[in-house]
Amino acid sequence: MTNERAGTGGIPLPVPPGAGWRTTGSGVFPHAARADGRWWVLRLNDFPEHPLHTLFVDGRHVADLDDVPSGWQRLGNASAPALTGPERAEILDLMAGLGPYGAEYGTPCTGDWCSCEVLTDTWIREQAG
């Protein structure tokens, strides 16, 4: 069951068949899938202050999700290989500046009730290894 807070911009949910979610090593962008030559990336938000996840495709905001769509492969599937170092670097470059909730709209969250302001690109890269 999804609770989309934004439109999908014409991008269908769920992820196309055969594109499994892989772990990234990043706590901010923990899952990514390559589908039809595009990166689908989930940002983990400071829930419940913000939606649980925000979905991006090639760095473009698609939807805010409080639940993962039922048609998606289970996130964190142990059988799916983690991203390689170069793939992780590509994801982090693609998602640069999009760590804090709201950054996709040009208004990153700065509320003192959540951790968004620490989600700088530098912190995200250091944390991801």
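Look above for the structure.
About the criteria used
- Residues numbered from 1 in each chain as written.
- Predicted model: local features only at pLDDT ≥ 70, side-chain atom pairs only at ≥ 80, totals over all residues.
- Heavy atoms only, no water.
- Pairing = 2+ DSSP bridges.
- Helix = DSSP H or I, 4+ residues; strand = E, 2+ residues; numbered from the N terminus.
- Contact = heavy atoms within 4.5 Å.
- Axes fitted to C-alpha atoms, helices over the stretch in contact; angles between N-to-C directions.
- Buried < 20%, exposed > 50% of the residue type's maximum accessible area, 1.4 Å probe, protein only.
- Arc of directions from axis to C-beta.
- Core = buried A, V, L, I, M, F, W, Y, C linked by side-chain atoms within 4.5 Å.
- Parallel < 35°, antiparallel > 145°, perpendicular 65-115°, else oblique.
- Left-handed = near helix turned anticlockwise from the far one by under 90°.
- Polar contact = N/O pair within 3.5 Å; in protein donor to acceptor, adjacent residues only side chain to side chain.

### Quick notes on the sheet that holds strand β3 (residues 38–44)
Stage number 1. The strand order across the open sheet built from five strands is β1-β2-β3-β4-β5, with neighbouring strands paired in antiparallel fashion. Each of the sheet's edge strands pairs with one partner strand only, and the pair in question is β1 (22–23) and β5 (60–65).
Stage number 2. Here strand β2 (residues 31–35) pairs with β3 via five bridges, running antiparallel. Directly across from A33, in β3, lies its bridge partner W40.
Stage number 3. Packed on one face of the sheet, helix α1 (residues 85–94) meets β1, β2 and β3 and runs near 70° to β3.

### Re α1
Stage number 1. Burial in α1 covers these residues: R88, I91 and L92. Each buried residue of α1 sits inside an arc of 95° when the element is viewed along its axis, so together they form one side.
Stage number 2. The inward-facing, buried residues of α1 abut β2, β3 and α2 (121–128).

### So, the nonpolar core
Stage number 1. In this structure, F29, A32, W39, V41, I91, M95 and L98 are the most contacted members of the largest nonpolar core, which totals 15 residues.
Stage number 2. Put simply, the parts of the chain that give this core at least two residues each are β3, α1 and α2.
Stage number 3. Apart from residues no more than four positions distant in its own chain, I91 is found in contact with A32, W39, V41 and L83.
Stage number 4. Listed in part, the eleven residues of the second largest apolar core include A33, L42, L55 and V62.

### What about the packing of α1 against α2?
Stage number 1. Packing of α1 against α2 brings their axes to within 11 Å, and their N-to-C directions diverge by 165°. In this view, α1 runs roughly antiparallel relative to α2, as classed from their interaxial angle. Note that α1 runs across α2; the crossing there is right-handed. Each of R88, A89, L92 and D93 in α1 lies in contact with α2, whose residues at this interface are I124, R125 and A128.

### Examining the pairing of β3
Stage number 1. The buried fraction of β3 amounts to five of the seven residues, a majority that puts the element mostly inside the structure.
Stage number 2. Following β2, the chain reverses through two residues before pairing antiparallel with β3; D36 in that reversal takes a positive phi of roughly 55°.
Stage number 3. Looking at chain direction, β3 and strand β4 (residues 53–57) are connected through five bridges and run antiparallel. Bridging from a neighbouring strand, V41 pairs with F56 of β4.

### Considerations on the side chain of R22
Stage number 1. Turning to its location among the elements, R22 is positioned in strand β1.
Stage number 2. Of the polar contacts made by the side chain of R22, one reaches the side chain of E87; its length is 2.8 Å.

### Describing the side chain of E104
Stage number 1. As for its position among the elements, E104 is in the loop between α1 and α2.
Stage number 2. Polar contacts involving the side chain of E104 include one to the side chain of R43, which spans 2.9 Å.
Stage number 3. Residues within four places of E104 in sequence aside, it is in contact with R43, T54, F56, H61, D64 and L98.

### Section: the environment of L42
Stage number 1. Tracing the chain through its elements places L42 in strand β3.
Stage number 2. A C-alpha to C-alpha distance of 9.8 Å links L42 and A63, two positions 21 residues apart in sequence.

Functional significance is not addressed by these values, which are geometric in nature.
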